[in-house]
Every structure is written in C-alpha cells, then in structure tokens.
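Observations on the three-dimensional arrangement
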Amino acid sequence: MPFKCIGDEELSNLREVIESGELWRGVRGNFVARFEEAMCSHLNRRYVYAVNSGTSANEAAVAGLGLEPGDEVICPATAPIFVSLPVFSAGCIPVFADVDPRTLIISPNGIESRISDRTRAIVVVHLFGQPAPMDEIMAVAHKHNLMVVEDCAQAYDCYYKGRKVGTIGDVACFSLQQSKHITSGEGGFIATDDPEIYKRAVLYSNAGMPWYLYNLEPPKSSPVAGIPTRGHFAFGHNHRMSELQGAVALAQLAKIERFNAMRKQLVAIIEEELDGCPGILLAHVYPGTQPNYWTYPVQLNPDETALTAARVHHLCLDEEGIGVGYYHEINYLEHVFQEVERKRMTPFGLPLPEHVHYQLGLCPNAEDAAKRTLLFSVHHSHDPEVLRKQVQALRRTLERHV
Ligand SMILES: Cc1ncc(COP(=O)(O)O)c(C=O)c1O
C-alpha cells in the first residue's frame with residue numbers, strides 16, 4: 001500500500017524555500033531550525049538536532065555519547081539493521097541481546113547477560129511503536145553505569161507511564177523516512193537534555209564544525225603558525241538536514257495528532273477482525289504503556305499452531321491473493337555480520353572481542369519469535385477497507401489451517 005500523506009502545507013513551505021534560493025541549512029537554517037524548536041516543544045526536550053536520515057540520527061546519538069573506540073554498545077537482536085550498523089560507524093562494537101519474545105523488544109535480562117567491562121551503552125528500540133519496559137531497563141543501566149539511547153524511529157508519541165518515549169534515556173533518535181509517523185522523505189533527528197551530547201552529535205554530523213543553536217558557546221578556531229584554520233574540532237560526516245527536508249518536516253509535525261488518530265482507527269480494525277481468531281496472539285502491551293503503532297505485530301500462538309509467519313504469508317497469498325508482512329530483521333544473521341564474525345574484525349578494522357559473537361543460536365527468543373511474527377502496516381494514509389480485507393484474508397486462512 002502506498003504512503004500518501006503530503007499536502008498543500010508541505011508544498012507551500014517548499015515553495016518558500018525554493019523562492020528564497022537557500023536550500024541548505026547553513027549555520028542556522030530557517031525551516032530546519034524551526035522544526036528543531038517545534039520538536040523540542042513537542043517532546044519537551046532541551047535540544048534537537050535534525051539530520052538527513054534516521055540512520056544518521058542513530059550514528060549521531062551514539063557518537064554523542066563520547067565513547068572510545070572498541071567500547072561495546074548493547075543492541076536488540078531484533079531491530080532494523082540501521083540500529084546496529086551505526087554503532088560500528090561510531091567506532092564501537094554492537095553486542096546483541098535477546099528480546100522479550102512477546103514484543104521482540106530488548107529484555108532487561110538479555111541486556112544484563114551481555115554486560116562486559118567494555119559495555120558503555122544500550123540502544124533500546126521501541127519497536128513497532130510499542131514502548132519498551134523502561135523502568136526495568138533504566139534500573140539495569142543505572143546499576144552498571146550505562147548510558148541509554150532510545151531509538152524512537154518507529155515510536156512517535158508513545159507513552160511509558162505518562163512520559164513520551166524519547167524523553168527517558170540520555171538521548172533519543174527518530175527517523176523521518178517515508179513510512180514513519182511523520183516524514184520528510186528521508187530525514188531524522190536526535191533529542192536530548194544534555195548539552196554535551198548535543199554538541200558531540202552536531203560535531204559528528206557536521207564534519208566537526210560547532211554550528212550550535214540554543215546559545216551554546218562554540219570553541220574558537222586558532223591559527224597554526226599564523227595560518228588560519230577553519231574550525232573542524234572532531235571527526236564527522238556531513239549528515240545535515242536540508243531546508244527542503246526541514247520545510248516538509250515542519251508541515252508534517254503540525255499534522256501528527258491527525259495522523260496518530262488515523263493509525264489508531266486502523267489498529268482498531270485489526271484487533272476487531274482478529275478477535276478470537278484461531279492461532280493468533282494480538283500485540284502484547286506492557287502495563288502502563290500507550291503504544292502508537294508504526295506497524296501492528298501479531299504472533300502465531302505456538303500452543304495452537306506450528307505454522308510459521310512466512311508460511312502463513314504464502315498461504316494467504318496463494319489462497320486469498322493477498323499477503324501479510326512477516327518479520328525478518330535479526331541483525332546478526334545478516335551477511336554483513338556473518339562477514340564480521342568470519343574475519344573477527346569490524347568493518348572499520350577493530351578486532352572483535354573474544355566474547356562477542358554473531359551466529360545462529362545467539363538470541364533464541366528472538367529467533368523463535370521472529371518466525372512467528374506477522375506484521376500489518378498501519379500507515380495513516382492506508383485505506384481502512386483495504387486493510388480490513390487483508391486482515392479478513394488472514395483470519396480465513398488461519399481458520400482453514402489451524
Ligand atoms: C528502529 C529504526 N531505527 C532506525 C532506522 C533508520 O531510519 P532511516 O531509514 O530514516 O535511516 C529505522 C528505519 O526504518 C528504524 O525502523
């Protein structure tokens with residue numbers, strides 16, 4: 001199903017950018033800076049820095065922690081690989097922890113079993129728009145003095161015990177890619193209350209140049225032997241957001257409540273149509289949380305059926321002419337991680353510590369639950385009746401086979 005959600009407000013902002021002739025943000029930016037300020041208010045965080053993708057935001061967030069090369073960052077086994085590859089880019093080692101099989105979200109026990117004397121941080125992904133059990137995760141983090149990155153790429157406006165996710169850990173990262181709750185086509189941002197994290201994230205995303213907002217004092221460059229220098233204070237890329245992206249993102253943010261309401265209507269259809277369906281477990285919700293689903297996960301109940309999600313997808317396709325998404329994102333099984341395991345070296349040439357492995361069997365809950373997890377996209381632009389037909393097709397298929 002296509003993702004159509006761009007309208008006159010985005011066009012009008014884009015026209016303003018084009019007519020201004022200033023398509024890049026420069027030091028400050030008009031639309032990008034306005035988006036950052038609006039997002040600070042939306043999240044109630046002190047600093048937001050916008051970048052050109054969610055992956056860049058993950059990199060900037062990890063770089064913002066100020067870790068040393070070879071430090072270990074614990075990541076969930078089940079997440080888009082855009083979560084763990086940036087850990088390599090930031091010079092660190094991703095270490096995969098097992099997940100709660102009901103949600104595919106990193107589990108506090110999984111985290112604790114992977115801690116070594118080089119562990120410095122955890123990346124928690126609020127997967128599919130389900131808030132992670134943050135009290136338990138923060139307790140593990142505090143016990144072991146670890147920093148916490150909340151990946152909210154799929155989790156705008158989700159609440160954990162009354163707090164928006166993305167405001168609990170040290171830094172949060174979000175994506176504005178086309179399929180997300182709001183979009184600028186590609187894009188992303190980090191959000192934090194910590195000025196040092198913000199400054200390091202900006203340096204990393206701007207080739208080391210301290211183009212800070214929020215009245216933060218930048219360091220001054222000084223000449224070397226009378227030769228002027230430009231002022232690159234750290235290693236970094238150019239991950240800046242353009243004004244074109246900022247123009248669209250700002251217009252989208254103004255619509256987020258309406259989009260959220262539409263998503264909730266789609267979720268209600270799934271839950272209604274699958275109520276009492278044989279072999280199905282609806283999404284598990286942790287107590288005290290309010291999900292805002294990006295994609296709605298259902299699981300095949302292992303007590304009732306041995307069918308896998310991939311098999312159900314094919315049965316639906318063959319018998320009903322309409323497929324259902326199924327989960328396929330266990331990071332360490334991907335070729336790129338298999339290569340790192342084979343060479344025992346990260347893509348940036350760091351040796352892989354002896355206790356770190358990327359191989360089948362590493363996270364049994366993740367491997368088992370992934371095989372049983374089906375996914376429905378609940379993008380706010382979807383036609384509810386098209387989704388209803390898809391869910392009904394799944395129900396009929398399961399009624400025939402379970
Ligand atoms: C949880 C998560 N983190 C990070 C990313 C990376 O975002 P982007 O595609 O904008 O680079 C994604 C993208 O799908 C994601 O789902």
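It should be noted that the structure appears before, not after, this text.
Residues numbered from 1 in each chain as written. Predicted model: local features only at pLDDT ≥ 70, side-chain atom pairs only at ≥ 80, totals over all residues. Heavy atoms only, no water.

Digging into the layout of surface pockets
Of the voids in this model, the largest pocket is the one considered here, and its volume is about 740 Å³. In this structure, the largest pocket is lined by 33 residues; those nearest its centre are Gln 154, Ser 179, Trp 294, Thr 295 and Glu 329. When residues of the lining of the largest pocket are traced back to their parent elements, those giving at least two are helix H3 (54-64), strand E15 (325-326) and strand E16 (373-377). Its residues assigned to classes, the lining of the largest pocket shows 14 nonpolar, 15 polar and four charged. Shared between two domains, the lining of the largest pocket holds at least three residues of each, these being domain 1 (8-255) and domain 2 (257-329 + 363-401). In this structure, the second largest pocket occupies an estimated 240 Å³ of space. Around the second largest pocket, the lining is made up of 15 residues, and of these Ala 63, Leu 67, Ala 90, Tyr 204 and Phe 235 lie nearest the centre. Breaking the lining of the second largest pocket down by element, the ones donating at least two residues are H3 and helix H7 (195-205). Considering each element in turn, the lining of the second largest pocket owes the most residues, three residues, to H7. A per-class count over the lining of the second largest pocket returns 10 nonpolar, three polar and two charged. (1 Å grid on protein atoms, 1.4 Å probe; cavity = no way out; pocket = protein on both sides within 12 Å on 5 of 7 lines; lining within 4 Å. Points joined across faces, edges and corners; volume = space filled by probe spheres on them. Helix = DSSP H or I, 4+ residues; strand = E, 2+ residues; numbered from the N terminus. Nonpolar A, V, L, I, M, F, W, Y, C, P; charged D, E, K, R; others polar. Domains from an automatic or database assignment.)

A look at the sheet that holds strand E2 (residues 72-76)
The sheet built from seven strands is open, its strands ordered E1-E11-E10-E7-E6-E2-E3 with mixed pairing. The outermost strands of the open sheet, each flanked by one partner alone, are strand E1 (47-51) and strand E3 (93-97). Averaged over all pairs of adjacent strands, the angle between strand axes in this sheet comes to 25°, irrespective of strand direction. Here E2 pairs with strand E6 (residues 119-125) via three bridges, running parallel. Bridge assignment links Val 73 to a residue of E6, and that residue is Ala 121. (Pairing = 2+ DSSP bridges. Axes fitted to C-alpha atoms, helices over the stretch in contact; angles between N-to-C directions.)

What about the packing of aromatic side chains?
In this description, an aromatic ring pair is defined by two values, namely the gap between the centres and the angle between the planes. This structure, assessed with the given rule, holds 18 aromatic pairs. What links up through ring pairs into an aromatic cluster is the set Tyr 47, Tyr 49, Tyr 198, Tyr 212 and Tyr 214. (Phe/Tyr/Trp six-rings, centres within 6.5 Å; stacked < 30°, edge-to-face > 60°.)

Here's the deal with the site of the ligand
In the region of the ligand, 15 residues are neighbours, and Gly 54, Thr 55, Asp 151, Gln 154 and Ser 175 sit closest. Here an oxygen atom of the ligand sits 2.5 Å away from a polar atom, N or O, in the side chain of Thr 55. The separation between an oxygen atom of the ligand and a polar side-chain atom of Gln 154 is 2.9 Å. Calculation on the ligand without its partners gives an accessible area of 390 Å², and the protein chains cover 93% of this total. When each cavity is represented as a set of grid points, the ligand is found to reside in the largest pocket. A total of three residues in the shell around the ligand trace back to one element, the largest contributor, which is H3. Here the shell around the ligand is composed, by residue class, of five nonpolar, eight polar and two charged. (Near = heavy atom within 4 Å. Polar contact = N/O pair within 3.5 Å; in protein donor to acceptor, adjacent residues only side chain to side chain. Areas by Shrake-Rupley, 256 points an atom, 1.4 Å probe, with all protein chains shown as cover. Sits in = over half its atoms within 2 Å of the grid points.)

A closer look at helix H11 (residues 335-343)
Inspection of H11 places Phe 337, Val 340 and Glu 341 among the buried residues, and these make up the whole buried set. Seen from one end, H11 has its buried residues packed into an arc of 100°, which puts them on one side. Opposite the packed face of H11, turned more than 90 degrees from it, sit the exposed residues His 335, Arg 342 and Lys 343. Against helix H4 (85-89) and E3 lie the buried residues of H11. Looking one or two residues past H11, Arg 344 carries a phi angle of roughly 55°, positive in sign. (Buried < 20%, exposed > 50% of the residue type's maximum accessible area, 1.4 Å probe, protein only. Arc of directions from axis to C-beta. Contact = heavy atoms within 4.5 Å.)

Quick look at the pattern of salt bridges
This structure, assessed with the given rule, holds 25 salt bridges. Of the charged contacts, one joins Glu 9 and Lys 255 as a salt bridge, the two residues approaching to 3.0 Å between their closest N and O atoms. Highlighted residues: Glu 9 in helix H1 (residues 8-20) and Lys 255 in the loop between helix H8 (243-253) and helix H9 (256-273), separated in sequence by 246 residues. Since its relative accessible area comes to 9%, Lys 255 is described here as buried. Across the salt bridge formed by Glu 385 and Arg 388, the nearest N and O atoms sit 3.2 Å from each other. Taken as a pair, Glu 385 and Arg 388 lie in helix H13 (residues 384-401) at a separation of three residues, close to a single helical turn. Note on Arg 388: relative accessible area 18%, which makes it buried. One connected set of salt bridges, linked through shared partners, spans Glu 272, Glu 273, Glu 385 and Arg 388. (Salt bridge = Lys/Arg side-chain N within 4 Å of Asp/Glu carboxyl O.)

Digging into the nonpolar core
Core analysis: the biggest nonpolar cluster contains 102 residues, and Phe 35, Met 39, Val 73, Phe 189, Ile 190 and Tyr 358 have the highest contact counts within it. Looking at this core element by element, the count peaks at seven residues for helix H2 (residues 31-43). Two domains each provide a minimum of three residues to this core, namely domain 1 (8-255) and domain 2 (257-329 + 363-401). Excluding residues that lie within four positions of it along the chain, Met 39 makes contacts with Asn 44, Val 48, Tyr 156, Ile 182, Phe 189 and Leu 253. The next biggest cluster of nonpolar side chains, apart from the first, holds 24 residues, and it includes Leu 266, Tyr 293, Ala 309 and Leu 387. (Core = buried A, V, L, I, M, F, W, Y, C linked by side-chain atoms within 4.5 Å.)

Looking at the packing of H1 against H8
Two quantities define a packed helix pair, namely the angle between the axes and the distance from one axis to the other. With their axes 8 Å apart at the nearest point, H1 and H8 run at an angle of 150° to one another. Accordingly, the angle class assigned to the pair H1 and H8 is roughly antiparallel. The two elements H1 and H8 meet at a crossing, and its hand is right-handed. Of the residues in H8, those touching H1 at Glu 9, Glu 10, Asn 13, Leu 14, Val 17 and Ile 18 are Glu 243, Leu 244, Ala 247, Val 248, Leu 250, Ala 251 and Gln 252. Taken together, the residues that form the contact of H1 with H8 break down as eight nonpolar, two polar and three charged. (Parallel < 35°, antiparallel > 145°, perpendicular 65-115°, else oblique. Left-handed = near helix turned anticlockwise from the far one by under 90°.)

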